[in-house]
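# Descriptive structure summary
Take a look at the letters that make up each chain.
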Amino acid sequence: MEKIVNDLSHHIRLNKGFFIWMGFLVLAFLACLYAYTRQLQYGLGVAGVRDYISWGLYISNFVFFVASSLIGMLISAVLGLIGFKWVHPITRIAETIAVAFAAVAGLVIVMDMGRPERLAYVFMYARFQSPILWDVTVITTYFVISLLLLFLPMIPDMAVLYKRFSKLPSWLKPVYKVLSLNWTDHPEQNRIIHRSVYILLILIIPAALSIHTVTSWLFALTVRPGWDSTIFGPYFVSGAFVAGSAAVIIAMYFFRRNYKLQDYLTDMHFNNMGKVLVLVAFVYLYFNINEYLVPGYKLKRADALHLHELMAGNFAVMFWLVQVGGLLIPIILLLFRRMRRPMPLTVISVAVVIGAWFKRYLIVVPTMAHPFLPVQHVPENFKVYTPTLIEIAITLLSFILVLIIITLISKFFPVIPVVETAKDKGLDPLKSIES
Amino acid sequence: MKRLFCLILLLASATWRLEAQNPGWPVPDDQKGKICLVKFTPDMVKQGEAIYMKNCQSCHGIPTKKNFAAIVPSPGDLSESKVGSQKDGELFYRITTGKVPMPEFRNILTEDERWSVISFVRTYHKGYKQPDPEKLAGAAGKRIRLSMAYDTVKKKIMVKAVELSKDGPQPAKGAEVVIFIQRYFGNMQLADPKPTSEYGYAGFDWPQDLPGDKRGNVIVTARVNDPTGSMQEALVKDTLTIGVPTDKPSLTDTRAMWSTRDKAPVWVILTYTLAVLVVWYFIIYIILAVLDIRKIKQV
């Protein structure tokens, strides 16, 4: 028992590595924050977006963030409710990623606002008919549910660590004491937690499906080539699972190595996550074929122009790298068991995540570049979109923020559920708590 | 030596600038000579000022204040001498055709309105003397007057063009006439342009099913299509009761997806509110239940 508590908690301390990594993140954060102050001062004109292509990096990045956050639901709710025991050590990682990405996704939207000080107007003048209101609503809801799903299972863990982990830093003790809510492993307490988690796991399924479906509707409810599609919802959701699974695998790899969790995140877990990844990637491939083949067969004029730009025109290199390098090759490789071992699987996942990010760019930008009405009487830089340095820095800012949140959560709380792991092994860590 | 060189360069570029008025925006030679065919009057200047404040001030600022917009290329202050030294025809051409980002005012301001803006801007140009319209009238083009009526027998809109020459008014033949009807968002051209007959008439078939307002009124504009600019603009606008009376509620009067929040469809409001209430009921219920954990003590 002591071993489990120690193994899963020994990383909870302020060591040099942490200070170096956080120092790096904070410095990078400040540098990028400077870019944002420029944007605040001079307006959105410092970004490459203009009247016609008004959605660029920020919105692509937003879609990516929402997508990545969906994984919390897949792992905890879908796989968990089905009853797969092997997901238990991964659930908290998945929820951490969900919380971090969902929290920052909202900020990314604010970064895309020309007058962020008027944020309140979005709510004051909200229209029930507007998918933007729906999006704001479901993302907030999803964030809260994910936060609860991260926090509730952690309550017993914090009680155990508070009592039994002697090396818990003293400054963290009060935090743990408050957050563990006088946990005594009373049956009534257990009943409340179990029921609450159960309700949340059911609630999060429609909430997660809605957040990405509504995000896809921000596009699909407009009449534009490339967006005017009835399968945009499932297309986005399946793509989200691909991005999220890959993100979880990468996180698993880092935690396993840095926090020495080899005994808990085993090759079996990686193998299984590899299978999950290849499964969702197949579903996504299927939707991709639909998305391109159906309009590509009919070739309505606007669609033809759009598809040509994607597959043979200005976006061709990015398009084929994303489709082949970020989806097709990973699928083929992952069919082999050897490729699902931790190291190769992580490398493949990195390719998948990069592909997933650029995929969002390919969904957002090319369509904006071909509106139905001709683009005319505008300066040259209105016609094509090139992200500016400031824009790239601000996008990095959002990534750094996600990393900071993930680092803080994973550094000061056990990454792997302690009590659950113990119980899975037939131990009861809480038995002697009160005595 | 270096300073001298710089000075020469500076002088050279300065004279070059004087030489070519706004070299990036040439005016065709045949447009430069165009002039206003009436003498500027204080009334015109007043009208011009109002038009300027509405259409130009946002970019060009108040003349002499140099508070023009900071955009590229710079709009500049129109009271400056590089504008003052241009001919009326040049200014007229620039206002008519525009150049990105300056809009073209061809279809926004009538010719008369464009001239009154010029008459206003000219009040800031010292030493400006308006070219005498009397002397140059012949060279600068014909003046045409249009009138319009609906011929109930032929079911046509008949436009009559009269040329005002020194020998009194006479039918203008061969003037190309276009007619427009006013719709929601602008004017809709009704048919291809037609030249006037020997007697100065051009007839346009009137579609019998075209909707008008409640009383069947339609606002029709006829004008002489004159791409070369060799005629003074002629335009006539009239309200004719020849449309099909239509009294439909406006598209934004009823509840609809595209209306304001207050006119959202009931089912959208209900679905949204219900979904939010149900989900948040559970969330708040859970939060309260979890807070209760604190009160439970080991027995």
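Being a predicted model, the structure only gives us computed values, none of them experimental.

Now for the overall build of chain B. Per the secondary structure count, chain B includes 9 helices and 9 strands. Look at the contacts in chain B between residues 6 or more apart in sequence, and 58% of them connect residues 24 or more apart. When the accessible surface of chain B is totalled, it reaches about 19200 Å², and 60% of it is carbon and sulfur.

Take the confidence of the model for chain B next. Residues and elements named next belong to chain B. Across chain B, the average pLDDT comes to 84, with 86% of residues at or above 70. Within chain B, helix H9 (residues 266-292) carries the highest mean pLDDT (95), whereas helix H1 (residues 2-19) carries the lowest (52). Scored below 50 in pLDDT, residues 14-20 shows 2 contacts in the model against residues more than four places distant or in partner chains. Reported for the predicted complex are a pTM of 0.73 and an ipTM of 0.90.

For the rest of this paragraph, the subject is the side chain of A:Gln323. Within the secondary structure layout, A:Gln323 lies in helix H14 (residues 316-334). Side-chain polar atoms of A:Gln323 contact the side chain of A:Asn288, separated by 3.3 Å.

The domain architecture assigned to chain B consists of domain 1 (23-122), domain 2 (141-241) and domain 3 (261-298). A straight line from the C-alpha centre of domain 1 of chain B to that of domain 2 of chain B covers 28 Å.

Moving on, we get to the state of the cysteines. Residue and element names in this part refer to chain B. Inspection of every chain in the model, using the stated rule, returns 0 disulfides over all chains. Summary of cysteine pairing: cysteine 36 is not part of a disulfide, and the nearest cysteine sulfur, belonging to cysteine 56, is at 16 Å. Take cysteine 36: its relative accessible area is 3%, and that puts it in the buried class.

On to the packing of aromatic side chains. In total, this model carries 34 aromatic pairs over all chains according to the counting rule given. Note on A:Tyr121 and A:Tyr125: the rings are 5.5 Å apart at their centroids and 90° apart in plane angle, and the pair reads as edge-to-face. By relative accessible area, A:Tyr121 is classed as partly exposed at 40%. The exposure class assigned to A:Tyr125 is exposed, which follows from its relative accessible area of 57%. Site record: aromatic cluster; members linked through ring pairs are A:Trp55, A:Phe219, A:Trp227, A:Phe232, A:Tyr235, A:Phe236 and A:Tyr284. A cation over an aromatic ring shows up here: B:Arg94 above the ring of B:Trp25, its NZ or CZ 5.0 Å from the ring centre. In this structure, B:Lys194 is placed above the aromatic ring of B:Phe204, and the distance from its NZ or CZ to the ring centre is 5.3 Å.

This brings us to the packing of helix H12 (residues 267-298) of chain A against helix H13 (residues 301-311) of chain A. All names here are of chain A. For the pair H12 and H13, the least separation of the axes is 9 Å and the interaxial angle reads 125°. Here H13 runs oblique to H12, going by the angle between their axes. Considering only the axes of H12 and H13, their crossing is left-handed. Along the contact surface, H12 presents Tyr292, Pro295 and Gly296, while H13 presents Asp303, Leu307, Leu310 and Met311.

Turning to the interface of chain B and chain A, a few remarks are in order. On the chain A side, the residues contacting the 29 residues of chain B number 34 residues. Per-residue buried area on chain B facing chain A is highest for B:Arg261, B:Tyr272 and B:Ile293; these three make up 24% of the total on that side. Applying the counting criterion to the chain B and chain A interface returns 0 salt bridges. Here chain B is connected to chain A by 13 residue pairs in polar contact (both at pLDDT 80 or more). Of the residues belonging to the side of chain B that touches chain A, the class tally is 22 nonpolar, 3 polar and 4 charged.

Let us now look at the pattern of salt bridges. Evaluation of the coordinates by the stated rule reveals 13 salt bridges over all chains. We note a salt bridge from B:Lys295 to B:Asp292, for which the minimum N-O separation is 3.1 Å. One salt-bridge network, in which partners are shared between bridges, spans A:Lys3, A:Asp7 and A:Asp263.

Structurally, the α-helix is built with 3.6 residues per turn, so residues lying three or four positions apart point the same way. If you check H9(B), its first and last C-alpha atoms are 38 Å apart, about what 27 residues at 1.5 Å a residue would give, namely 39 Å. Along H9(B), the positions that sit buried rather than exposed are B:Val268, B:Tyr272, B:Ile283, B:Ile286, B:Ala289 and B:Val290. On its buried face, H9(B) sits against helix H7 (131-151), helix H8 (154-164) and helix H10 (187-220) of chain A.

Bridging between strand S1 (residues 143-151) of chain B and strand S2 (residues 156-165) of chain B involves 9 bridges; their strand directions are antiparallel. Following the sheet pairing, B:Ser147 is matched in S2(B) by B:Lys160.

Our focus in this paragraph is the nonpolar core. Looking at soluble globular proteins, one finds that nonpolar side chains tend to be buried together. Judged by nonpolar contacts, the single largest core of 162 residues is most densely connected at A:Ile93, A:Ile97, A:Tyr142, A:Phe219 and A:Val248. With 17 residues, the single largest contributor to this core is helix H11 (residues 232-258) of chain A. Once you skip the residues sitting within four places of it in the chain, A:Ile97 turns out to touch A:Ser68, A:Ile71, A:Ala247, A:Val248, A:Ala251 and A:Ile406. Core analysis: the next-biggest nonpolar cluster, separate from the first, contains 24 residues, B:Ile179, B:Val218, B:Val220 and B:Ala234 among them.

This brings us to unusual backbone geometry. Residue and element names in this part refer to chain B. Cis peptide bonds are those with omega within 30 degrees of zero, and the linkage from valine 72 to proline 73 qualifies with -5°. Looking at the secondary structure, you find proline 73 in the loop between helix H4 (57-60) and helix H5 (81-84). Residue proline 101 follows valine 100 across a cis peptide bond; omega there is 5°. Inspection of the secondary structure assignment puts proline 101 in the loop between helix H6 (88-97) and helix H7 (111-122). The backbone of threonine 64 shows a phi angle near 75°, a positive value even though the residue is not glycine. Assignment of secondary structure puts threonine 64 in the loop between H4 and H5. The exposure class assigned to threonine 64 is partly exposed, which follows from its relative accessible area of 48%.

A few words now on the environment of A:His10. Residues and elements named next belong to chain A. Relative to the helices and strands, histidine 10 resides in the loop between helix H1 (2-9) and helix H2 (16-42). When its relative accessible area of 24% is taken as the criterion, histidine 10 is described as partly exposed. For the pair histidine 10 and lysine 167, spaced 157 residues apart in the sequence, the C-alpha separation amounts to 7.7 Å. When sequence neighbours within four positions are dropped, the list of residues in contact with histidine 10 reads Phe165, Tyr259 and Lys260. Of the polar contacts made by the side chain of histidine 10, one reaches the backbone oxygen of tyrosine 259; its length is 2.8 Å.

Residue and element names in this part refer to chain A. Contact geometry of helix H5 (residues 88-111) with H11 gives a least axis separation of 10 Å together with a crossing angle of 120°. Between H5 and H11, the angle falls in the class oblique. Like other packed secondary-structure pairs, H5 and H11 cross with a definite hand, here right-handed. Contacts between H5 and H11 involve Ile90, Ile93, Ala94 and Ile97 from the first element and Ala247, Val248, Ala251, Met252 and Phe255 from the second. Here the residues of the contact of H5 with H11 are counted per class, giving 9 nonpolar, no polar and no charged.

Residue and element names in this part refer to chain B. Here strand S4 (residues 176-183) pairs with strand S6 (residues 194-195) via 2 bridges, running antiparallel. Counted as the bridge partner of valine 177 is lysine 194 from S6. Pairing between S4 and strand S5 (residues 186-189): 4 bridges, direction antiparallel. Among the inter-strand pairings, phenylalanine 180 is bridged to a residue of S5, identified as glutamine 189.

Definitions and cut-offs
- Residues numbered from 1 in each chain as written.
- Chains lettered and ligands numbered in written order.
- Predicted model: local features only at pLDDT ≥ 70, side-chain atom pairs only at ≥ 80, totals over all residues.
- Heavy atoms only, no water.
- Helix = DSSP H or I, 4+ residues; strand = E, 2+ residues; numbered from the N terminus.
- Contact = heavy atoms within 4.5 Å.
- Areas by Shrake-Rupley, 256 points an atom, 1.4 Å probe, with all protein chains shown as cover.
- pLDDT = per-residue confidence, 0-100.
- Polar contact = N/O pair within 3.5 Å; in protein donor to acceptor, adjacent residues only side chain to side chain.
- Domains from an automatic or database assignment.
- Disulfide = S-S within 2.5 Å.
- Buried < 20%, exposed > 50% of the residue type's maximum accessible area, 1.4 Å probe, protein only.
- Phe/Tyr/Trp six-rings, centres within 6.5 Å; stacked < 30°, edge-to-face > 60°.
- Lys NZ or Arg CZ within 6 Å of the ring centre and 35° of its normal.
- Axes fitted to C-alpha atoms, helices over the stretch in contact; angles between N-to-C directions.
- Parallel < 35°, antiparallel > 145°, perpendicular 65-115°, else oblique.
- Left-handed = near helix turned anticlockwise from the far one by under 90°.
- Buried area = accessible area lost by both parts, 1.4 Å probe.
- Salt bridge = Lys/Arg side-chain N within 4 Å of Asp/Glu carboxyl O.
- Nonpolar A, V, L, I, M, F, W, Y, C, P; charged D, E, K, R; others polar.
- Expected span 1.5 Å × (residues − 1).
- Pairing = 2+ DSSP bridges.
- Core = buried A, V, L, I, M, F, W, Y, C linked by side-chain atoms within 4.5 Å.

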